Amino acid sequence: MFGLEPHVLLLLIACLVAACAFEFVNGFHDTANAVATVIYTNALRPWVAVVWSAFWNFIGVFSGGIAVAMGIVYLLPVESLVDQNVYHGIAMVGALIIGAIIWNVGTWYYGLPSSSSHALIGSILGVGIAFSFLPESSNAAVNWGKAGETGIALLVGPLFGFSLTIIMMFLLKRFVKTKSIFREPHKRKPPPVWIRLILIATCTLVSFFHGSNDGQKGVGLIMLILIGVVPSYFALDHTKNPLDMRDSLVKIEQVMSKVNPAELSPADQKALAEIKAQTDGLDAIFAGKTSVQQLPTEDRFKIRKGILLTANRAKALLGSDKVSLSTADRATYDEAIKNMKNFTDYAPSWVLLIVSLSLACGTMIGWQRIVKTIGERIGKEHLTYAQGASSELVAATMIGVSTAYGLPSSTTHVLSSAIAGSMVANRGIKNLNPQMVRNIALAWVLTLPVTMFLSGGLFLLFRALI
């Protein structure tokens, strides 16, 4: 299979199983974010809520696209993703998966709503930083630009969740005359039909968008594994003919030939020369080829590397105010590079399937611990109908917007922050449970450094053993 030796194939399968285990843990770790409100307001019975949430998580994975997944893949620069030793790729993915799982299981055990997104991203950054300490590392081992975008997205989400929920609670109190929605739900009776439908709808939306966002992270993780261990097969979408990208390559070369080097700074001149070297390299690979069968499999990663390095350097170059290109030329370049990246930014349907199944199965297990934290311990009062509906609506909106822009979102932190905002809106800051808020904040603050340390240490250990 994939032309791998049996023991390497077993290691690849072990990495894929570990990635599915991470998504499984993600499922039961994050389930409470969607079901806590419908359970604690008696809108749905617990197991009905969990199965319903699992179903919409499954659907969300298939509907979310791959923009967030590729954001995860590109946290590690393409230059440092693969070398000639397949065991190095296995050490990389094994370390980051194990580091993330250890943190996720630990915080779940103690009932802390910690973020699986933070855990995965911290583990990826830890591996990248650890790689930079190795003697053979000659390039930056972390894409800090992409990491910065990711960090801002994960930070802004909870702040907006907290603030917008306070505003929504204010609007509900101002315009909704039915005061029963602001009281503690009856322990056995379901809510009024209209608020029950709203609670079920918001639970559905959070579950769907959780699948579309968090599921993509699992897809990105598996693509990291496949590209890192079997680059000759998974570097490009093998359902497409790589020779079809030659027209786009010609258009990129034509646009870049219009850039006047004399007008550029030394750094931009170097970038332009590097772009030309990459496009010349791609031309050399394609030269004389009339069918995909004539393209050696070992050239596939070279093509991927050439496309991504060209895109990264051209993006920086074209952002310079010293580059004078017409709007038409820039549009031509954008369309051409987009067409070429269709070959690199992909995920096979079987990857989507195993991630969605892992997430859905995990959703149906182990949900009780964190549901209790969300429903009872963030604030000093029982969750009301209004708090549940407003928190989940804000959380669903924030996660959906993040997915639309291809940015990762922490479902856990967005919703727990929204719940906290609803508690503050009800009776002020004193309505929060200070000890639990401290614990959640501590888990939030520690997730990145701890997972970075865990995965980085494991990576260096594995590399020392190879």
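Since the structure is predicted, the reported quantities are computational estimates derived from the model, not experimental observations.

**Some thoughts on the pattern of salt bridges**
And then number 1: Taken as a whole, this structure holds 5 salt bridges when the rule is applied.
And then number 2: Between R313 and E274 there is a salt bridge, with the nearest N and O atoms lying 3.2 Å from each other. Of this pair, R313 sits in helix 12 (residues 299-318) while E274 sits in helix 11 (residues 266-286); the two residues are 39 residues apart in sequence, bridging distant segments of the chain.
And then number 3: The exposure class assigned to R313 is partly exposed, which follows from its relative accessible area of 23%.
And then number 4: The residue K302 makes a salt bridge to D299 at a minimum N-O spacing of 3.7 Å. With K302 and D299 both in helix 12, this residue pair falls 3 residues apart, about one helical turn.
And then number 5: Exposure remark for D299: the relative accessible area of 11% places this residue in the buried category.

**Some thoughts on the confidence of the model for the chain**
And then number 1: Mean pLDDT over the chain works out to 82, with 90% of the residues at or above the 70 mark.
And then number 2: Within the chain, the element-level pLDDT minimum falls on helix 4 (residues 78-81), averaging 52, and the maximum on helix 10 (residues 246-257), averaging 94.

**Digging into the nonpolar core**
And then number 1: Counting 59 residues, the largest nonpolar core has M223, I225 and F459 as the members making the most contacts within it.
And then number 2: It is helix 5 (residues 86-109) that provides the largest number of residues to this core, a total of 10 residues.
And then number 3: With 31 residues, the next largest nonpolar core counts A49, M169, I181 and M423 among its residues.

**Brief notes about the packing of helix 10 against helix 13 (residues 327-341)**
And then number 1: At a closest axis distance of 9 Å, the pairing of helix 10 and helix 13 adopts a crossing angle of 145 degrees. When you trace helix 10 past helix 13, the crossing you get is left-handed. When helix 10 is examined against helix 13, the residues S248, L249, K251, I252, V255 and M256 are found in contact with a partner set consisting of D329, T332, Y333, A336, I337, N339 and M340.
And then number 2: The residue inventory of the contact of helix 10 with helix 13, partitioned by class, reads 8 nonpolar, 3 polar and 2 charged.

**As for the side chain of T279**
And then number 1: Secondary-structure assignment places T279 in helix 11.
And then number 2: Filtering out sequence-adjacent residues up to four positions away, T279 remains in contact with L249, I252, E253 and T310.

**As for a positive patch on the surface**
And then number 1: Residues K173, R174, K177 and K179 make up a contiguous surface patch of positive charge.
And then number 2: Inspection of the secondary structure assignment puts K177 in the loop between helix 7 (144-175) and helix 8 (193-229).

**A word on the packing of helix 11 against helix 12**
And then number 1: Interhelical geometry of helix 11 versus helix 12 gives an angle of 155 degrees and a closest axis separation of 9 Å. One way to sum up the angle between helix 11 and helix 12 is to call them roughly antiparallel. As for how helix 11 packs across helix 12, the hand of that crossing is left-handed. When helix 11 is examined against helix 12, the residues D268, L272, E274, I275, Q278, T279, L282, I285 and F286 are found in contact with a partner set consisting of D299, K302, I303, K305, G306, I307, L309, T310, R313, A314 and L317.
And then number 2: Tallied by class, residues from the contact of helix 11 with helix 12 come to 10 nonpolar, 4 polar and 6 charged.

**A few points about the side chain of Q216**
And then number 1: Position of Q216 among the secondary structure elements: in helix 8.
And then number 2: Side-chain polar atoms of Q216 contact the backbone nitrogen of A67, separated by 3.1 Å.
And then number 3: A polar contact is formed between the side chain of Q216 and the backbone oxygen of S212, at a distance of 2.8 Å.
And then number 4: Contact partners of Q216, with chain neighbours within four places excluded, come to G64, G65, I66, A67, V68, A69, G211 and T403.

**With respect to the packing of aromatic side chains**
Remark: the centre distance and the inter-plane angle together describe each pair of aromatic rings, the angle taken between the planes.
And then number 1: Counted according to the given criterion, the structure contains 8 aromatic pairs.
And then number 2: On the numbers, 5.3 Å between centres and 85 degrees between planes, the contact of F55 with W56 is edge-to-face.
And then number 3: Residue F55 is classed as partly exposed on the basis of its relative accessible area, which comes to 43%.
And then number 4: Judged by its relative accessible area of 23%, W56 is partly exposed.
And then number 5: Grouping aromatic residues by their ring pairs yields a cluster made of W52, F55, W56, F208 and F209.
And then number 6: Seen from the ring of F175, R174 lies directly overhead, with NZ or CZ sitting 5.3 Å from the centre.
And then number 7: Sitting over the ring of F343, K240 keeps its end group 5.7 Å from the ring centre.

Rules and cut-offs
Residues numbered from 1 in each chain as written. Predicted model: local features only at pLDDT ≥ 70, side-chain atom pairs only at ≥ 80, totals over all residues. Heavy atoms only, no water. Salt bridge = Lys/Arg side-chain N within 4 Å of Asp/Glu carboxyl O. Helix = DSSP H or I, 4+ residues; strand = E, 2+ residues; numbered from the N terminus. Buried < 20%, exposed > 50% of the residue type's maximum accessible area, 1.4 Å probe, protein only. pLDDT = per-residue confidence, 0-100. Core = buried A, V, L, I, M, F, W, Y, C linked by side-chain atoms within 4.5 Å. Axes fitted to C-alpha atoms, helices over the stretch in contact; angles between N-to-C directions. Left-handed = near helix turned anticlockwise from the far one by under 90°. Contact = heavy atoms within 4.5 Å. Nonpolar A, V, L, I, M, F, W, Y, C, P; charged D, E, K, R; others polar. Patch = residues over 30% accessible without salt bridge, like charges linked within 9 Å, V, L, I, M, F, W, Y side chains within 5 Å. Areas by Shrake-Rupley, 256 points an atom, 1.4 Å probe, with all protein chains shown as cover. Lys, Arg positive; Asp, Glu negative; His and termini not counted. Charge placed at Lys NZ, Arg CZ, Asp CG, Glu CD. Parallel < 35°, antiparallel > 145°, perpendicular 65-115°, else oblique. Polar contact = N/O pair within 3.5 Å; in protein donor to acceptor, adjacent residues only side chain to side chain. Phe/Tyr/Trp six-rings, centres within 6.5 Å; stacked < 30°, edge-to-face > 60°. Lys NZ or Arg CZ within 6 Å of the ring centre and 35° of its normal.

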